[in-house]
Amino acid sequence: MSGTSGTKTITSGGSAFYHLTLDDGGGTTTFELQDALDVDGNLTITGGTLDTKSGSNFGINVAGNWSNSDIFTARTSTTTFDGTADHTITTNAQAFYNLTLNNTGAGGSDDIIISGALDVDNILTITDGDLDIDTSDPNVTLAGNLSIGANGSVDAGSGTFTFDGNGSKTWTDASAAIQDFGAVVVDGTAKTITAMSNIKAASLTIGADDTLDLTGYTLTLTGTGTPLVKNGTFTTTNSTLVY
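Residues numbered from 1 in each chain as written. Predicted model: local features only at pLDDT ≥ 70, side-chain atom pairs only at ≥ 80, totals over all residues. Heavy atoms only, no water.

Draft legend 1. Quick peek at the sheet that holds strand β14 (residues 118–120). As summarised here, the arrangement of the six strands in space is β14-β16-β18-β20-β23-β26, forming an open sheet in which the pairing is parallel. A strand with exactly one partner marks an edge of an open sheet, and here the two such strands are β14 and β26 (228–230). Mean inter-strand twist for the sheet, computed between neighbouring axes without regard to direction, equals 10°. Inspection of the sheet shows strand β16 (residues 140–142) paired to strand β18 (residues 160–163) by three bridges, in the parallel sense. Looking at β18, one finds that Val140 is bridged to Phe161. (Pairing = 2+ DSSP bridges. Helix = DSSP H or I, 4+ residues; strand = E, 2+ residues; numbered from the N terminus. Axes fitted to C-alpha atoms, helices over the stretch in contact; angles between N-to-C directions.)

Draft legend 2. Geometry of the pattern of salt bridges. Here the structure, examined in full by the defined rule, presents one salt bridge. With its nearest N and O atoms 2.7 Å apart, the salt bridge here joins Asp51 to Arg75. Linking Asp51 in strand β6 (residues 49–51) with Arg75 in the loop between β9 (71–73) and β10 (78–81), this pair joins segments that are 24 residues apart in sequence. For Asp51, a relative accessible area of 7% translates into the label buried. (Salt bridge = Lys/Arg side-chain N within 4 Å of Asp/Glu carboxyl O. Buried < 20%, exposed > 50% of the residue type's maximum accessible area, 1.4 Å probe, protein only.)

Draft legend 3. The arrangement of the side chain of Asp128 in detail. Here Asp128 is to be found in strand β15 (residues 124–133). One buried charge, Asp128, has no salt-bridge partner; the nearest side chain with opposite charge is Lys200, at 18 Å. Residues in contact with Asp128, not counting those within four places in the same chain, are Leu101, Asn102, Asn103, Thr104, Ile112, Asn151 and Gly152. (Lys, Arg positive; Asp, Glu negative; His and termini not counted. Contact = heavy atoms within 4.5 Å.)

Draft legend 4. Spotlight on the pairing of strand β3 (residues 30–33). Of the strand pairs in this sheet, strand β1 (residues 7–10) and β3 are connected by four bridges, and their pairing is parallel. Counted as the bridge partner of Thr7 is Thr30 from β3. By the bridge criterion, three bridges tie β3 to β6 in an arrangement that is parallel. Counterpart to Glu32 in the pairing with β6 is Asp51.

Draft legend 5. Inspection of the packing of aromatic side chains at higher detail. Considering all chains together, one arrives at nine aromatic pairs under this definition. On the basis of an interplanar angle of 80° and a centroid distance of 4.9 Å, the ring pair of Trp66 and Phe72 is categorised as edge-to-face. Each member of the pair Trp66 and Phe72 is classed as buried. Taken together, a centroid distance of 6.3 Å and an interplanar angle of 80° make the contact between Phe81 and Phe96 edge-to-face. Highlighted residues: Phe81 in strand β10 and Phe96 in the loop between β11 (87–90) and β12 (98–102), separated in sequence by 15 residues. Taken as a pair, Phe81 and Phe96 share a single burial class, namely buried. (Phe/Tyr/Trp six-rings, centres within 6.5 Å; stacked < 30°, edge-to-face > 60°.)

Draft legend 6. How the structure looks around the sheet that holds β6. Judged by pairing direction, the sheet is parallel, and its four strands sit side by side in the order β1-β3-β6-β9 without closing on themselves. Looking at strand neighbours, the two that pair on one side only are β1 and β9, the edges of this open sheet. The average undirected angle you get between the axes of adjacent strands in this sheet is 20°.

Draft legend 7. Up close: the environment of Asp130. On the secondary structure map, Asp130 appears in strand β15. Expressed as a C-alpha distance, the spacing of Asp130 and Phe234, which sit 104 residues apart in the sequence, is 29 Å. With residues up to four places along the chain from it excluded, the contact list for Asp130 reads Asp110, Asp111, Ile112, Ser153, Val154 and Asp155. Within the structure, Asp130 has its side chain in polar contact with the side chain of Ser153 (distance 2.7 Å). (Polar contact = N/O pair within 3.5 Å; in protein donor to acceptor, adjacent residues only side chain to side chain.)

Everything listed here is a matter of geometry and, on its own, says nothing about what the molecule does.
Listed below in structure tokens is the structure:
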């Protein structure tokens, strides 16, 4: 789909695209959704803005690669990756609002590889599949809740995983083996993260006006050196810290 300026609308009518490429040829086109978008293959934003539409916030499902070279306006939409094989999300540092990973491929073929900084302005849900933040070592920022389902997993790299934003949010891990998120930072504006299960990280840094509430659960830190830096509040009532 192409165009060099103005607003072009995308109406799927309930039918899925296979591959979808948006390209404004270096112009200023906005490609605006008119209903939910389902892409069974790859979604490529070569040029232009993909907009989920103000007031509608239409959802997007993608089974293949997400390759963004320009602008994505997520508004308050949910983007779901629901493939059955390895695929890559190339972000161009553009934020998602709600991001759901539900790759039902066989183990070893269910990687969702993140290329570029991953910013989620609300909820990150790993229902199924493997969040790969090891291959390209991106930094991840999350403003909302983190939820890992029974079939979800994470490959952490050298980037940081930061809970930013403000208010009280939760960290829940229901996977068979508690997932190690690498270098975790709680650093928002009076941010509180409450563990709703046992959790794991290589290291944990709590910002000066921020809180990690571990009450009743276990935090395992797998890193070396000084894996816990507590500048803010660390609530440990009836909890266990494992080094």
